[in-house]
Amino acid sequence: MNVVDRLLQYVKFDTQSDELTNMTPSTPGQMIFARHLEKELHSMGLSDISLDDNGYLMATLPGNITDRKVPTIGFISHLDTSPDMSGHNVNPRIIESYDGHDIVLNAKEDIVLSPNQFPELLHYVGQPLIVTDGTTLLGADDKAGIAEIITAIDYLQQHPEIKHGDIRIAFNPDEEIGLGAHKFDVEKFGADWAYTMDGGEIGELEYENFNAAVARVTFIGRNVHPGYAKHKMINSMRVANQFAIMLPRWETPEHTEGYEGFYHLVGMEGTVEKTVLTYIIRDHDRDRFERRKKELEHLARKINKEYPNCCHIEIKDQYYNMREKIEPVMHIIDVAEQAMRDAGIDPKVVAIRGGTDGAQLSFKGLPCPNIFAGGLNFHGRYEFVPIPSMEKAVDVIVNIARLVGEGK
């Protein structure tokens, strides 16, 4: 089975994660998919296959080098798809050769994938694409990564002339809700370093990501009959709005790019008596990240000077920039870059404007940069993946295994 056949099979599994269940995996579909993959890995004859009760699936392709010690490397992808859009009854379609024009995903609902809105489509003119039917996401994030890893392992099995050390693979749940690495047993995995196959466009290589925190800001008001409220009522919704507009207007996701951080209001719920604002805080630079958190606390104190004991703030760190853990072992980036060049790909080292399981794993002792899986427009109906990008990702995995085996 090739990488395309695998992806088309895998996206049929509904594996949306759900942050509200407080279970691991957060949804039963992820475990159903993991059991399917477990059977596939057994049929391939891999070793040390394990699937725990939390949905973490691991296996080993034994090395074929006996005269010297070779590092054990790993490749990781996640089982779940985004909660942002349905992954039920995914009905993918292959565009055999993209012509550069609009792609009608769903004529009945007038859903069109257009280069006018998504100009990156034009990078793939003449290539075969896998698209959705416009009613669900595709799930290439990250089932393309899973398909690529398993296809690469299959290729290495069929080509014993390629010398490599032990290769560990792992598929974990709940990456999309930020919990993919929480119960990942790094010691059990046993790799010297690993790569997540969870990036976007072909050539992307990432070892920097946001430092991240979530802030919950609660405003306590005082409700009084509006006809008699003068100097008595405190409308918590109005106070919350006052707080929100005190933050820098241009430091939001819609106004930032590259290494620019932001404050992002992701939730607002309130009445006169109580309002809660939920923010995520992001910055690549650790010092600026800390200053952003302090700014929120400073604004809370300003509110409380005007409305005593009205504003209460809780800030919780989520993850940190993996760069500080990767820089001491930069040879793992050198290997990935060379593997891409050997596959005819120009490496594009970029900073992730988000997070990755690899960041948390790096801080748990497993250095783990991120490599492209090929998909674009994740988390929605306009998601697509060029087939040659997936095929090149397979080549990159094989090349990494070869280069490490050669001692590069």
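Attention here is on the structure that accompanies the text. From a predicted model like this one, the values you see are computed outputs, not experimental measurements. The residue numbering used here restarts from 1 in each chain and proceeds along that chain's sequence as written. Where local features are concerned, this predicted model is filtered to residues with pLDDT of at least 70; where side-chain atom pairs are given and counted, the filter is 80 or more; whole-chain, interface and lining totals use all residues. Note: side-chain values were computed over all heavy atoms of the structure, leaving out hydrogens and water.

**Side note on the overall build of the protein**
Heads up, the rule is: In this text, helices come from DSSP runs of H or I with a minimum length of four residues, and strands from runs of E with a minimum of two, each type numbered from the N-terminal end. Radius of gyration: over C-alpha atoms. The globule rule applied is 2.2 Å multiplied by the number of residues raised to the 0.38 power. The cut-offs for exposure are 20% and 50% of the maximum accessible area for each residue type, with area from a 1.4 Å probe on protein chains only; residues under the lower value are buried, those over the upper are exposed, and the others partly exposed.
A count of helical and extended segments in the protein gives 10 helices and 17 strands. Its C-alpha atoms give the protein a radius of gyration of 24 Å, near enough to 22 Å, the size a compact globule of 408 residues would have. Counting only C-alpha atoms, the protein reaches 85 × 50 × 40 Å along its principal axes. For the protein, with 408 residues in total, the buried portion stands at 54%.

**A few points about the state of the cysteines**
Heads up, the condition is: Two cysteine sulfurs form a disulfide in these notes if their separation is within 2.5 Å.
Tallying each qualifying case throughout the model produces 0 disulfides. With no disulfide of its own, Cys311 lies closest to Cys310 among cysteine sulfurs, the gap being 6.3 Å. Among the residues examined, Cys311 registers a relative accessible area of 5% and is labelled buried.

**Things to note about the packing of helix H1 (residues 3-10) against helix H2 (residues 28-44)**
Definition in use: Fitting a line to C-alpha atoms yields each axis, with helices limited to the stretch in contact; the angle taken between N-to-C directions then spans 0 to 180 degrees. Angular relationships are summarised with four words: roughly parallel below 35 degrees, roughly antiparallel beyond 145, roughly perpendicular across 65 to 115, and oblique for the angles in between. Throughout, a residue-residue contact means that at least one pair of heavy atoms, one from each residue, lies within 4.5 Å. Think of it as three bins: nonpolar holds Ala, Val, Leu, Ile, Met, Phe, Trp, Tyr, Cys and Pro, charged holds Asp, Glu, Lys and Arg, and polar takes everything else, Gly as well.
With their axes 12 Å apart at the nearest point, H1 and H2 run at an angle of 150° to one another. Between H1 and H2, the interaxial angle falls into the category roughly antiparallel. Where H1 approaches H2, its residues Arg6, Gln9 and Tyr10 are matched on the opposing element by Phe33, His36, Leu37 and Glu40. Residues that form the contact of H1 with H2 fall into these classes: 3 nonpolar, 2 polar and 2 charged.

**Observations concerning the pattern of salt bridges**
Heads up, the condition is: Each salt bridge in this description consists of a side-chain nitrogen of Lys or Arg and a carboxyl oxygen of Asp or Glu lying within 4 Å of one another.
Applying the stated rule across the entire model yields 12 salt bridges. Ionic pairing is found between Asp283 and Arg292, a salt bridge with its closest N-O pair at 2.8 Å. With respect to burial, Asp283 and Arg292 carry one shared label: buried. One salt bridge connects Glu324 with Arg286, and the closest N-O pair in it is separated by 3.4 Å. One end of the pair, Glu324, is in helix H7 (residues 323-326); the other, Arg286, is in helix H6 (residues 286-306), with 38 residues separating them in the sequence. Accessibility expressed as a relative area gives 43% for Glu324, which makes it partly exposed. Each of the salt bridges in this network shares a partner with another, and the network as a whole consists of Arg286, Glu290, Lys293, Asp317 and Glu324.

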